[in-house]
Amino acid sequence: MEQVRIEQIDVWQVEVSCRPGCVNSEEYGSFIGHDWDRMPICILEARFSDGLTGLGETGRGASLADLAPWLSGLPGLATRGWSPTVLPQSWRGLSMHSGAIEEVHPVPLWTAASPLLHTLQAALEMILLDWAGKRMGCRVVDLLGGAYRETVAVDYWCGRKTPADLRETVSQARELGFTGLKMKSRYGDPVAEQVAAIREVGGPSFSVTIDPMYQWFSPSESLGVLKSLESFGSGVRVEDPFPEDRPEFWRRARETVAVPLVWHARGMASLRRALQENVADAFNCSGGFAEFQTAAHAVEVAGYSCWRGSSLELGVGQMAGLHAAAAARSCVMPSDFQSALLREHTLVEWDWPYHSGHLPLPQSPGLGVTLDRAAVAHYTVATQCYRE
């Protein structure tokens, strides 16, 4: 493939709220103290010298103004295949996901020197793979080595909800064909009553993933809660009950309680720690394409399973996660790709055909989606075009 360059980058900073009532019960309020769905996200569209385009999306919290110093250096970027041949010197620095891999292999050609650049790096991965797929007439999943599955398992999702509200939520999930739910939790929530309400409506096989995001603090506070979940049998798991830097808490819980614990590996160093400490039964792996694929392979070699982590991105980011999940053999657990049901819009033209708790891959080249221009314009709060 001959060398091609990026001629133009269009960037839209957008804010897309979740639909009322679908995240938290009014009694509980926001889980993290602010409206995470109102945090800025940037949608990128790169135009290449061969006439094709590639789409990318940054993570929550990155504004256009924050990213401007790096975005201005992308026009003129030369690519060969789906790899950049040269990047601005300012992109070089310490990796945000160092781990065992980088201790025995050379440092990558380009790595993120800050969290903001890290999220832009992931967006550029999406752009390059979307463009390369279109150029070669194949899907992103094919560029990643091929699809282990054409449909990806997906669970329904909610924040912190009362047992009464959970009955309504699970009823909606069942009507849409879902067989499981992921929900947020804090220490002190009526967890056993919540799971009982979920099973009352969903049935005994309806799975439940509880995510306290480290806020069950320690075994002394939460062992009783974990023990209360044993009575519900299989299909109930807890993600990140304790902080990552207290592996002894995880081990004590696993020695005492039969409820599976899931470790959210927010990078290779995090995954390595969990595997070395033997503290988890399964994994939530996230990151960009390269980081996720490396983590999923490590999970497979270690004999575990995982799902593809999601921050309820918009359509471009969710589609990138869908392709990544389909290309990873160990990614057999349901991922929470639920933005189409939770947010007011995903900003892409695709119908998100959920069926029986699965989401199929699109068949069009690249990521397989196009921007909904009218929706992007409606939700844009700032925009900028960068040209050579």
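Look up a bit, the structure's there.
Quick caveat: nothing in here was measured; it's all calculated off a predicted structure. Along each chain, numbering runs from 1 in the same order as the chain's sequence is written. Totals for whole chains, interfaces and linings use all residues, but because this is a predicted model, local features are given only for residues with pLDDT of at least 70 and pairs of side-chain atoms are given and counted only at 80 or more. Note that the side-chain values use all heavy atoms of the structure and ignore hydrogens as well as water.

## Description of the state of the cysteines
Put simply, the rule is: Cysteine sulfur atoms are paired as a disulfide whenever they fall within 2.5 Å. For the exposure calls, accessible area comes from a 1.4 Å probe over protein chains only, and a residue counts as buried if that area is under 20% of its type's maximum, exposed if over 50%, partly exposed in between.
Following the criterion strictly, the structure yields zero disulfides and no others. The closest cysteine sulfur to the non-disulfide-bonded Cys-331 is located on Cys-306, 4.5 Å from its own sulfur. A residue is classified by how much of its surface remains accessible, and Cys-331, at 2% relative accessible area, is buried.

## Examining the packing of helix α10 (residues 289–302) against helix α11 (residues 315–326)
Working note: a packed helix pair is described by the angle between its axes plus the distance between those axes. Note the threshold: Axis lines are fitted to C-alpha atoms, over the contacting stretch for helices. Their N-to-C directions set the angle, which ranges from 0 to 180 degrees. Secondary structure is summarised from DSSP: a helix means a run of H or I of at least four residues, a strand means a run of E of at least two, and numbering begins at the N terminus for each. Put simply, angles under 35 degrees are roughly parallel, angles over 145 are roughly antiparallel, angles from 65 to 115 are roughly perpendicular, and the rest are oblique. In this scheme the handedness of a crossing depends on how the near helix is turned from the far one: anticlockwise by less than a right angle means left-handed, clockwise means right-handed. Whether two residues touch is decided by their heavy atoms; if any such pair falls within 4.5 Å, the residues are in contact. In this count, Pro and Cys sit with the nonpolar residues alongside Ala, Val, Leu, Ile, Met, Phe, Trp and Tyr, while Asp, Glu, Lys and Arg are called charged and the others, Gly among them, polar.
It is the contact of α10 with α11, at a shortest axis distance of 10 Å, that shows an interaxial angle of 30°. In terms of orientation, α10 lies roughly parallel with respect to α11. Every pair of crossing elements has a handedness; the one defined by α10 and α11 is right-handed. Contacts between α10 and α11 pair Phe-289, Phe-292 and Gln-293 from the former with Ala-320, Ala-324 and Ala-325 from the latter. For the contact of α10 with α11, the residue count by class is five nonpolar, one polar and no charged.

## Some points on the packing of aromatic side chains
To be explicit about the condition: Pairing of aromatic rings covers Phe, Tyr and Trp, the last counted by its six-membered ring, and requires centre-to-centre distances within 6.5 Å; plane angles under 30 degrees mean stacked, over 60 mean edge-to-face, and any other angle means tilted. Criterion for a charge above a ring: Lys NZ or Arg CZ within 6 Å of the ring centre, and within 35 degrees of the ring normal.
The final tally for this structure, using the stated rule, is 10 aromatic pairs. Geometrically, the ring pair formed by Trp-250 and Trp-263 is tilted, given 4.8 Å between the ring centres and 45° between the ring planes. Of this pair, Trp-250 sits in helix α8 (residues 247–256) while Trp-263 sits in strand β11 (residues 261–265); the two residues are 13 residues apart in sequence, bridging distant segments of the chain. Both residues of the pair, Trp-250 and Trp-263, belong to the buried class. In this structure an aromatic cluster arises from ring pairing among Phe-242, Phe-249, Trp-250 and Trp-263. For the cation-ring pair, Arg-160 lies above Tyr-28, with the distance from its terminal atom to the ring centre recorded as 4.4 Å.

## Looking at the side chain of Arg-199
The line we're drawing: Positive charges come from Lys and Arg, negative ones from Asp and Glu, while His and the chain ends are left out of the count. A pairing counts as a salt bridge when a side-chain nitrogen of Lys or Arg comes within 4 Å of a carboxyl oxygen of Asp or Glu.
By secondary structure assignment, the location of Arg-199 is in helix α6 (residues 191–202). Notably, Arg-199 is buried but unbridged: the nearest opposite-charge side chain belongs to Asp-155, and the N-O separation is 10 Å. When near neighbours in sequence (up to four residues on either side) are disregarded, Arg-199 contacts Pro-204, Phe-206, Phe-232, Ser-234, Gly-235 and Val-236.

## Re the sheet that holds strand β8 (residues 180–184)
The condition that has to hold: When DSSP finds two or more bridges between a pair of strands, those strands are recorded as paired.
If you trace the seven strands from one edge of the open sheet to the other, you get β7-β8-β9-β10-β11-β12-β13, paired in parallel fashion. Two strands in the sheet have a free side with no partner beyond their single neighbour: β7 (156–158) and β13 (306–308). Between one strand axis and the next, the sheet turns through 25° on average, direction left out of account. For β11 and strand β12 (residues 282–285), the ladder comprises four bridges, and the chain directions are parallel. Residue pairing across strands places Ala-265 opposite Cys-285, the latter belonging to β12.

## Section: the nonpolar core
As a reminder of what qualifies: Here, the term nonpolar core denotes a set of buried Ala, Val, Leu, Ile, Met, Phe, Trp, Tyr and Cys residues that are joined through side-chain atoms within 4.5 Å.
Residues Ile-210 and Leu-229 are the most contacted members of the largest nonpolar core, which totals 107 residues. Of the residues forming this core, the biggest block, 10 residues, is contributed by helix α3 (residues 115–136). Listed in part, the seven residues of the second largest apolar core include Val-23, Trp-157, Leu-312 and Leu-342.

## A look at the side chain of Ser-63
If you trace the backbone, Ser-63 turns up in the loop between β3 (53–57) and α1 (64–71). Those residues in contact with Ser-63 that lie beyond four places of it in its chain are Gln-13, Pro-40 and Cys-42.

## A few points about the pairing of β3
With five of its five residues buried, β3 lies for the most part within the structure. The two faces of β3 match: Thr-53, Leu-55 and Glu-57 on one face and Gly-54 and Gly-56 on the other face are all buried. Both strand β2 (residues 41–48) and β3 contribute to a ladder of five bridges, which runs antiparallel. When the bridges of β3 are listed, Arg-47 appears paired with Thr-53. Counting the residues in the hairpin turn of β2 and β3 gives four residues, including Gly-51, whose phi is positive at 90°.

## Describing the pairing of strand β9 (residues 207–211)
The condition is simple: The definition of a right-handed crossover adopted here requires that, viewed with the strands pointing away, the path from the first strand over the helix to the second runs clockwise.
Of all five residues making up β9, five are buried, and the element is well covered by its neighbours. Of the two faces of β9, the one carrying Ser-207, Thr-209 and Asp-211 and the one carrying Val-208 and Ile-210 are both buried. Judged from the five bridges that link them, β8 and β9 form a sheet pairing that is parallel. Residue pairing for β9: Met-183 is matched across the bridge by Ile-210. Each parallel crossover has a hand, and the one from β8 via α6 to β9 is right-handed. Here β9 runs beside strand β10 (residues 236–239); their pairing, made up of three bridges, is parallel. What sits directly across from Ile-210, in β10, is Val-238.

Keep in mind these numbers describe shape, not what the thing actually does.
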